[in-house]
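Here is what each chain is made of, one letter per residue.
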Amino acid sequence: MHGPALLFCPADRPDRYAKAAAAADTVILDLEDAVAPADKERAREALAASTLDPERVIVRLNPAGNPEHALDLLAVRETAYTTVMLAKAESAADIATTPGLRVLALCETARGVVNAAEIAGHPATAGLMWGAEDLIASMNGRSSRFADGRYRDVARTARATVLLAARAHGKDAIDAVHLDIADLEGLSAECEDAAASGFTATACIHPTQVATIRAAYASTDTEREWARAVLAEAEGQPGVFRFRGRMIDEPVLRQAREMLR
């Protein structure tokens, strides 16, 4: 991934491919939920004919075990794309159904979240993403959020579980989409929390959300000034030291390096 903003694009809409790639850091060409069953084959044909930069494309596949999955893989292998997102991943065995490809595992069922660490540990897994709505649906729930927009505890638990599993194995962690397209304030708050917590990126469903995601993940001028200053001070310190009223040790210095990166 070349930045924090990943944008979903229906694979049956090749007229949107270039616009999506231009708008976001990485485009996710979606063969799963964004495409109606009757349009799946047309979507695969469009995908096979596409010529976007492979370094900035992820292809979302239908789940392992779904009859469409094998057909999706055949279409991907006709392209130069090497990274796929596996919908509803629930085990390391699911990851093994995509040999030779880098896999972003979408943990969006109760079983997938519970098995997140196993999934993250598979050598082909490049990262994990979680999904709130499919998760709740997998448990026969009614909604992932309260009326004020806050996630319910079960969704927050799933989010943290997937993040911890991904980062424990040194893999990327991608935060879920914010479905209320007009709520840029809510999106910004979620992305700021995601960046501060250790997520690598946030996925989105509309180009107007990209700028908000990028801004939330970027460190501020104040943060960068502090990071440069504390790293400079650390060069002359033998270990733990005090800087601007705060205790500084190696974990804090790693955070400073991340701000500058």
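Residues numbered from 1 in each chain as written. Predicted model: local features only at pLDDT ≥ 70, side-chain atom pairs only at ≥ 80, totals over all residues. Heavy atoms only, no water.

A. A look at helix α10 (residues 210-217). All buried positions along α10 are accounted for by V210, T212, I213, A216 and Y217. Seen end-on, α10 carries its buried residues on one side only, within an arc spanning 165°. What points out from α10, more than 90 degrees from its buried face, is the exposed set A211 and A215. Of the surrounding elements, those touching the buried residues of α10 are β1 (5-10), α1 (17-23), α9 (184-197) and β8 (201-204). (Buried < 20%, exposed > 50% of the residue type's maximum accessible area, 1.4 Å probe, protein only. Helix = DSSP H or I, 4+ residues; strand = E, 2+ residues; numbered from the N terminus. Arc of directions from axis to C-beta. Contact = heavy atoms within 4.5 Å.)

B. Spotlight on the nonpolar core. In terms of nonpolar packing, the biggest core is built from 57 residues, with L29, L47, V59, L128 and W130 touching the most fellow members. Among the elements that take part in this core, helix α8 (residues 153-168) stands out by supplying 6 residues, more than any other. When neighbours within four sequence positions are excluded, L29 is seen to be in contact with C9, A11, Y17, L47, S50, L52, V57, I58, V59, R60 and Y81. One finds L6, I28, L104 and A203 within the second-largest nonpolar core, a separate group that totals 13 residues. (Core = buried A, V, L, I, M, F, W, Y, C linked by side-chain atoms within 4.5 Å.)

Interpretation note: all reported values are geometric properties and have no functional meaning in isolation.
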